[in-house]
Structures are given as C-alpha cells and as structure tokens.
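Residue-level structural notes
What follows is each chain in one-letter form.
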Amino acid sequence: MDNRARHQAILITGANGEMGHGLIHALAEQNVDLVAVDLHPLDPALRSKVRAHQAGDILDTQLMQRLVSQYEVTTIFHLAALLSTRAEFSPEIAHRVNVTGTLELLRLAHQQSTWSGVRTKFIFPSSIAAYGVGGKKDRLQALKEHEYTEPTTMYGCNKVYCEHLGRYFAEYYQQLAAEPIKGGVDFRCIRFPGLISADTVPSGGTSDFGPEMIHAAAQGQPYACFVRPDTTIPFMAMPDGVQALLDLYAAPEEALSQRVYNINAFSCSAQDFCDEVHKYFERPQVSFIPHLKRQAIVDSWPAAVNDAPARRDWGFSPQYDLQNAFSDYLVPRISARYTSS
Ligand code: AKB
C-alpha cells in the first residue's frame, strides 16, 4: 500500500456515544483529522468537527477496509460497545460487537502498522465491570488492576478478554512469523468508573442510575432509582474521562509500565446523588425501587479502585469530585440543555 496516497487520520468508533461526543470536540481542537464511525448517522453537531463520517457496523469488514484504504489510520479510539445491562439481554450479540468487533479492529490496526512501519495506537475503554467481587467487605478495598477479575456479566467478561487480546496483539501477535514484524499495535486501556455526562443521557448501562437521576430532575420528571440508596461505586464526570483518554494517548510508550490502568475520581452512593440533586433542582421526585438483578450486578463491582499507576505513569489527575461536578459542570450544562430544548 502506498501511504503517500492516503491522508493520516484518527479513527473513532462509537462516535455518537457519550464519550465519542466529548472526545471528538476535544480532538477537533487539536486540529487532527478524524474519521468517525457509528451504527447511526453522526450527530449533525459533530459533523463539522470530523474529516469523514460513516454510518455502519464495525463488523462490516468491507466498510472498515474501505476506510483504511482511504485513510492512514495512526490511532484508533475504539469506543463502540454494548453496555452491561443491554448485553445481558442479548449476550451473543454483545459478544459479537464487544469481542469480535475489537478483534477485527486490532487486526486492522496491525495491518495499518505493517503498511506504515509505525506502531498504531489503540486506545480502549474498559470498565469497573471487569471486576467481579463476591463479598461486601472485599468490594470496599480500593482494588488493583489484577484483583478480582472474575466478572459476572457478559459485558465484563468481554472487557477483561479484550484487555488480554490487546496485550496479546501488542506483545505476541504473529510471534512465530519468519520475518520480524514491522510496526505492531500500541495497545493502551483505561478501566473507567461510571461516567456522568451533561450532554448525553446514557443507555444500556448499569451505572446509569446516577446520570439518569440528574437528567430526570433537570427535566422535572420523576425518577425511580433501580438500586438501593446505600449503593456505592466509583464515578467520574465526563470531561475527566475524556481528558484521561487524551492523556493516555499522548503519553510516551516508555513511560507506561502496564497496558491496563484503573482510574477513579470519586466514590459516592445513590443517596449522595439524590442529596446533590435536592440541592440544585426544585422538588425532585426521586424514589428508590431496587431491581434485584441490576442491584446484584452493581454489587459485584468495587466501591473504589486503586489508580496509583495511572497517576504515576501518565499524570492522571481528575478535576471533579462529586460536589464540583454538580456545581461547575453538571448543573450549569444540563440546565442550559433542557431550558433551550
Ligand atoms: C455500564 O454500566 O455498563 C457502564 C460501565 C460501568 O462500564 N457504564
């Protein structure tokens, strides 16, 4: 393949999702060329920010091959996934999208690097769903990356396996080839806590009770929270999540002592969310009606994670805790969003 014929670009899958929105806005400011792929046509608000966008399935190999024959893909942010609750309703489809889709993209990243001779960066969001913590006491320790990785959901299993696939591609893919491999895949992964965005309402996740409560209150709608008030997991405001992706992407490879990093911003309970919502919105109507099966999924996730390696290796440092996430980010942005619509 003649690389001179192709324009360098960063490929973003799952571009319409919560994280895709923030990432496209941030990368567009860095003046890099972006190619966005999503199952649905790209949000019109994002179209001017990207060089090209394509509606289609990441499992459509013809589509993906056409894109990489047009663009020299230097980095892939692979955000497309079926989240944890949705994946339980269709585990086989989740496996296809979350695992086969990732495998195909890793292969494509490898193929790109053999054409350019340069390692293709592959940035992959994993999740606290990669954990499966049995007892209540154990979920209260701040877990390290290798502890308790026996998830109870299809989505969690998919994430853990893709972490391994990424490591395999980065270190062992085609290890028996006669000729040394030129390039290769520079796989980097973040295990995210529950993310809260002011701009998009989540769908299909099990950590969604936090963001759903806020978006409902801002619209004056009642909200029945599907977990108990004391349910505590780690959360993060979306700007910190996007910044973490950008920081890991920008870090020199030699600074990275591992391929999979935990990150955490604040741990809080569903009741803590409810208390904040009461501070800012008039007469919010929040009730707690636990859904026992979704509750069990959240209870299998840790209440906190140890993110010391991310802080040490690439300077992870979130700006938002629960209080300033509400006062400085969520409330102003969400209120403006629903007042103007
Ligand atoms: C989900 O709830 O599935 C996601 C996650 C924690 O990865 N938000």
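Calculation criteria
Residues numbered from 1 in each chain as written. Predicted model: local features only at pLDDT ≥ 70, side-chain atom pairs only at ≥ 80, totals over all residues. Heavy atoms only, no water. Salt bridge = Lys/Arg side-chain N within 4 Å of Asp/Glu carboxyl O. Helix = DSSP H or I, 4+ residues; strand = E, 2+ residues; numbered from the N terminus. Buried < 20%, exposed > 50% of the residue type's maximum accessible area, 1.4 Å probe, protein only. Contact = heavy atoms within 4.5 Å. Expected span 1.5 Å × (residues − 1). Polar contact = N/O pair within 3.5 Å; in protein donor to acceptor, adjacent residues only side chain to side chain. 1 Å grid on protein atoms, 1.4 Å probe; cavity = no way out; pocket = protein on both sides within 12 Å on 5 of 7 lines; lining within 4 Å. Points joined across faces, edges and corners; volume = space filled by probe spheres on them. Nonpolar A, V, L, I, M, F, W, Y, C, P; charged D, E, K, R; others polar.

1. Comments concerning the pattern of salt bridges
- The final tally for this structure, using the stated rule, is 12 salt bridges.
- For D33, the salt bridge identified is with R51, shortest N-O distance 3.7 Å. With D33 in the loop between α1 (18-29) and β2 (34-38) and R51 in the loop between α2 (44-47) and β3 (52-55), this residue pair connects regions lying 18 residues apart in the sequence.
- For D33, a relative accessible area of 29% gives the class partly exposed.
- Accessibility expressed as a relative area gives 44% for R51, which makes it partly exposed.
- Ionic pairing is found between R311 and D307, a salt bridge with its closest N-O pair at 2.8 Å.
- Overlapping salt bridges bring together R228, D230 and D299 as one network.

2. Observations regarding the environment of G101
- As for its position among the elements, G101 is in helix α5 (residues 91-116).
- Note: C-alpha distance between G101 and T13 (88 residues apart in sequence) is 10 Å.
- Those residues in contact with G101, other than ones at most four positions away along the chain, are I58, L59, H78 and R96.

3. Notes on helix α8 (residues 238-250)
- With 13 residues, α8 ought to run about 18 Å at 1.5 Å a step, and its terminal C-alpha atoms sit 18 Å apart, in line with that.
- Taken residue by residue, α8 has M238, D240, G241, V242, A244, L245, L246, L248 and Y249 as its buried positions.

4. Observations concerning the side chain of D307
- The topology assignment puts D307 in the loop between β14 (304-305) and α11 (308-314).
- Of the residues examined, D307 reaches a relative accessible area of 8% and is grouped as buried.
- In terms of polar contacts, D307 uses its side chain to reach the backbone amide nitrogen of N264, at 3.0 Å.
- Filtering out sequence-adjacent residues up to four positions away, D307 remains in contact with N262, I263, N264 and F316.

5. A short note on empty space enclosed by the protein
- Per the counting criterion, the structure on display carries one cavity of 30 Å³ or more.
- Put simply, the largest cavity is a space of about 40 Å³.
- I58, D60, T61, M64, Q65, E104, R107 and L108 together form the lining of the largest cavity.
- Counting residues per element, the ones that place at least two in the lining of the largest cavity are α3 (61-70) and α5.
- Looking at the lining of the largest cavity residue by residue, the classes come out as three nonpolar, two polar and three charged.

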